[in-house]
Structure formats: structure tokens, C-alpha cells
Amino acid sequence: MQNIPDDPVMLLSYINTQLRDNYPSLTELCRALSFNETQIKEKLEAIDYVYEADANQFR
């Protein structure tokens, strides 16, 4: 995953901000920015955050 924070807490902030401001879903964000959706989910699940599609954010 390039050009995104490696630290999970910083990644959480970055991804949730992008979802809130620019993308209707995690899939769209990952597709547009060429990120690996599975890797993002796994990294954030490691700090007990999961993606909630209805809220379009990690909680």
C-alpha cells in the first residue's frame, strides 16, 4: 500500500476522512486509488475497527 499511512491509527483517520469527503464506499476508494481493500481491512481490524458500509466508515 503506497502513499498511505503505515501506522494503523493514522490509516484509520486517513481512510475515514477520504470516505467521508470523497468516496461513497470503501470499494470505490480502493478502486480509485489502487489500494488493496483486503489489506486495509486487515490492518484496521488489528486495532479493532471494522468497515460498516451503511455508515461508510470504520468503527
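Remember, predicted model here, so these are calculated numbers, not experimental data. (Residues numbered from 1 in each chain as written. Predicted model: local features only at pLDDT ≥ 70, side-chain atom pairs only at ≥ 80, totals over all residues. Heavy atoms only, no water.)

**Looking at the side chain of Asn 56**
In step 1: In this fold, Asn 56 is placed in the loop between strand S1 (51-52) and strand S2 (57-58).
In step 2: There is a polar contact of 2.6 Å between the side chain of Asn 56 and the side chain of Tyr 51.
In step 3: Contact partners of Asn 56, with chain neighbours within four places excluded, come to Leu 19, Tyr 23, Pro 24, Ser 25, Leu 26 and Tyr 51. (Helix = DSSP H or I, 4+ residues; strand = E, 2+ residues; numbered from the N terminus. Polar contact = N/O pair within 3.5 Å; in protein donor to acceptor, adjacent residues only side chain to side chain. Contact = heavy atoms within 4.5 Å.)

**Some points on the packing of helix H2 (residues 26-33) against helix H3 (residues 37-45)**
In step 1: Where H2 meets H3, the axes come as close as 10 Å, and the angle between the chain directions of the two elements is 125°. Classed by the angle they form, the pair H2 and H3 counts as oblique. Along its contact with H2, which presents Leu 26, Thr 27 and Cys 30, the element H3 presents Glu 37, Ile 40 and Lys 41.
In step 2: Of the residues that constitute the contact of H2 with H3, the class distribution is 3 nonpolar, 1 polar and 2 charged. (Axes fitted to C-alpha atoms, helices over the stretch in contact; angles between N-to-C directions. Parallel < 35°, antiparallel > 145°, perpendicular 65-115°, else oblique. Nonpolar A, V, L, I, M, F, W, Y, C, P; charged D, E, K, R; others polar.)

**Description of the nonpolar core**
In step 1: Of all hydrophobic cores here, the largest spans 14 residues; its most connected members are Ile 15, Leu 19, Leu 26, Leu 29, Ile 40 and Phe 58.
In step 2: Looking at this core, the elements that each hand over two or more residues are helix H1 (8-21), H2 and H3.
In step 3: Among the elements that line this core, the one with the most residues is H1, at 4 residues.
In step 4: Not counting chain neighbours up to four residues away, the residues in contact with Ile 15 comprise Leu 26, Leu 29, Ile 40 and Phe 58. (Core = buried A, V, L, I, M, F, W, Y, C linked by side-chain atoms within 4.5 Å. Buried < 20%, exposed > 50% of the residue type's maximum accessible area, 1.4 Å probe, protein only.)

**So, the packing of aromatic side chains**
By convention here, two paired aromatic rings are described through the distance between centres and the angle between planes.
In step 1: With the rule as written, the count across this model stands at 1 aromatic pair.
In step 2: On the numbers, 5.4 Å between centres and 55° between planes, the contact of Tyr 51 with Phe 58 is tilted.
In step 3: In this structure Phe 58 comes out as buried when scored by relative accessible area, which is 2%. (Phe/Tyr/Trp six-rings, centres within 6.5 Å; stacked < 30°, edge-to-face > 60°.)

**What about the pattern of salt bridges?**
In step 1: Per the counting criterion, the structure on display carries 5 salt bridges.
In step 2: Notably, a salt bridge pairs Lys 43 with Asp 6, separated by 2.7 Å at the nearest N-O pair. On the criterion of sequence distance, the pair formed by Lys 43 in helix H3 and Asp 6 in the segment before H1 is long-range, its members being 37 residues apart.
In step 3: The partner of Arg 20 in a salt bridge is Asp 21, and the shortest N-O contact between them spans 2.8 Å.
In step 4: The exposure class of Asp 21 is partly exposed, given its relative accessible area of 46%. (Salt bridge = Lys/Arg side-chain N within 4 Å of Asp/Glu carboxyl O.)

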